[in-house]
Every structure is written in C-alpha cells, then in structure tokens.
Amino acid sequence: MLLPFFDKNQIEAGCDEAGRGCLAGPVFAAAVILPTDFEHPLLNDSKQLSEKQRYEARKIVEAEAIAWAVAQVAPKEIDEINILNASFLAMHRAIAQLDPIPECLLIDGNRFKPYQDLPHHCIIKGDGKYLSIAAASVLAKTYRDDYMMQIHETHPHYDWHKNKGYPTKAHRAAIQAHGATPHHRQSFRLLPNAEQGRLWE
C-alpha cells in the first residue's frame, strides 16, 4: 500500500519527472496535490503499470486531485543547463502552476534544487512509496508519451511511437542512417564519439 501523505497537517505536492534518460524529446515533470483521504487500488509507480493502466490512472488523478500540473523542458534547454538541472526546472514549472500553493514538496529521487522557500523531502523510489508521487509519475509519463507519439508523425524513422525517445538499438540505427533532428539532445551520446561529431556539422 502506498502512503497517502508524509505530514497530514500540510498541503503536500508529489513531484516526479519522465524522460531523463532519453536521447530525444523534452523532459516532462508533474506535480500533484491529492486529498489526504485519497485512495485507489490502481494508482502505483507508473513503471509498474501497463500503458492502459497508466492512462486509466491518469483519468482518476485528474478527476480527484485537489490540483495537478504538467510541465516540460525542451531539448535545447537540456543541452544548455544539463539534464539534472532540466529535471529540476521541469518540476519547478509544474509546481508554479499549482493552486493552492503547496506547503511541502515530496520529490522522487535523492536530489532537488529548492523551489522558492518551500520545504521538500527527497524520497528514493518515492513513486513506489507515496500516492502523490505515484500520481505525478503517471501524469509525467503519459503526457510525455503523448508528446512523443505526436512528433513521431513527422519523424517516423526513429520509432518514437515504440521507444518514446529512449536509446534502443533501432533508435540509434535510425540516427546513424538519417541523422539527428531538432528533437534530439546534442549533449547526449547519440552515437559513438567519432560518428557523433558528424551529426551537427
């Protein structure tokens, strides 16, 4: 059973990101404030759910959350500030959209850049421990998947409808054959070093 809250007396927002290890596409993040009495047997870490279950869980979260928001940081920004900072920035952008303003943040992972003066707790594998973080993981993952399906339509060679931008053999082979797109992250190792340099010539 996932925990409903860290501190019942505070308005808590769970935060998580999706797409950190991808070669292409933005990194997405979500922030979710759930009622303290929220419970649903389906909601779990998005990685533990099937695609169909994730989209079902998303409907539940969007219908029952007190507040939720999704944000992204584009590949160009990722290249400029690095993926770790981009993940924090995506979370900050999501948190900034919440109404009411949370009093505490529950962050999936072991690091976070403080947002304004809000206290936060970093929780390793938090998406498998707290409902609000699991909810955020579901939103971040499904919204990012939707985005990758959309850009797959204009760049079908890269199998983004299957790999969602992650570094599969087919994805790397397509980069080698067709080059990189504006959706690819130049700061990531897309191909072996000798070949990578030619992508941006």
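Report on the accompanying structure. (Residues numbered from 1 in each chain as written. Predicted model: local features only at pLDDT ≥ 70, side-chain atom pairs only at ≥ 80, totals over all residues. Heavy atoms only, no water.)

**Observations regarding the overall build of the protein chain**
Inference 1: Of regular secondary structure, the protein chain possesses seven helices and five strands.
Inference 2: Expected size for 201 residues packed as a compact globule is a radius of gyration near 17 Å; at 17 Å, the protein chain falls within 12% of this value.
Inference 3: The principal-axis extents of the C-alpha atoms in the protein chain amount to approximately 55 × 35 × 25 Å.
Inference 4: Counting only residues that meet the buried cut, the protein chain has 50% of its 201 residues in that class.
Inference 5: When contacts within the protein chain are restricted to residue pairs at least 6 apart in sequence, those whose partners lie at least 24 apart make up 63%.
Inference 6: Of the roughly 10,000 Å² of accessible surface on the protein chain, 51% is carried by carbon and sulfur atoms.
Inference 7: Side-chain charges of the protein chain comprise 22 positive and 25 negative groups, with the mean position of each set lying 8 Å from the other. (Helix = DSSP H or I, 4+ residues; strand = E, 2+ residues; numbered from the N terminus. Rg over C-alpha atoms; globule rule 2.2 N^0.38 Å. Buried < 20%, exposed > 50% of the residue type's maximum accessible area, 1.4 Å probe, protein only. Contact = heavy atoms within 4.5 Å. Areas by Shrake-Rupley, 256 points an atom, 1.4 Å probe, with all protein chains shown as cover. Lys, Arg positive; Asp, Glu negative; His and termini not counted. Charge placed at Lys NZ, Arg CZ, Asp CG, Glu CD.)

**Some points on unusual backbone geometry**
Inference 1: The amide bond that connects D99 to the next residue, P100, takes the cis arrangement and shows omega of 15°.
Inference 2: Considering the arrangement of structural elements, one finds P100 in the loop between α3 (83–96) and β4 (104–108).
Inference 3: Not every positive phi belongs to a glycine, and N82 is a case in point at roughly 80°.
Inference 4: When you line up the elements, N82 lands in the loop between α2 (75–81) and α3.
Inference 5: Its relative accessible area of 39% is what places N82 among the partly exposed residues.
Inference 6: With a phi close to 60°, D159 is a non-glycine residue in the positive phi region.
Inference 7: For D159, the position within the fold is in the loop between α4 (131–152) and α5 (160–163).

**A word on helix α1 (residues 51–64)**
Inference 1: When the terminal C-alpha atoms of α1 are compared, their 20 Å separation across 14 residues agrees well with the 20 Å that a helix rising 1.5 Å per residue should span.
Inference 2: Restricting attention to buried positions, one finds in α1 the residues R54, A57, R58, I60 and V61. Axial view of α1: buried residues confined to an arc of 170°, hence all on one face. Residues of α1 that are exposed and point over 90 degrees away from its buried face: K52, K59 and A63. (Expected span 1.5 Å × (residues − 1). Arc of directions from axis to C-beta.)

**Quick look at the pattern of salt bridges**
Inference 1: Enumeration according to the criterion identifies six salt bridges in this entry.
Inference 2: Two residues, E56 and K59, come together in a salt bridge whose shortest N-O distance is 3.6 Å. Residue E56 and its partner K59 are both found in helix α1; the two are separated by three residues, about one turn of the helix.
Inference 3: With its nearest N and O atoms 2.9 Å apart, the salt bridge here joins D146 to R58. A residue pair is termed long-range when its members are at least 10 positions apart, and D146 in helix α4 and R58 in helix α1 qualify at 88 residues.
Inference 4: Here the salt bridges do not stand alone but share partners, grouping R58, E62 and D146 into one network. (Salt bridge = Lys/Arg side-chain N within 4 Å of Asp/Glu carboxyl O.)

**Some points on the pairing of β4**
Inference 1: For β4, the tally of buried residues reaches five of five residues, placing the bulk of the element in the interior.
Inference 2: Burial of the side chains of β4 extends over both faces: C104, L106 and D108 are buried on one face and L105 and I107 on the other.
Inference 3: Pairing analysis gives four bridges linking strand β1 (residues 12–18) to β4, with the strands arranged parallel. Each residue of the ladder has a partner; that of E12, found in β4, is C104. (Pairing = 2+ DSSP bridges.)

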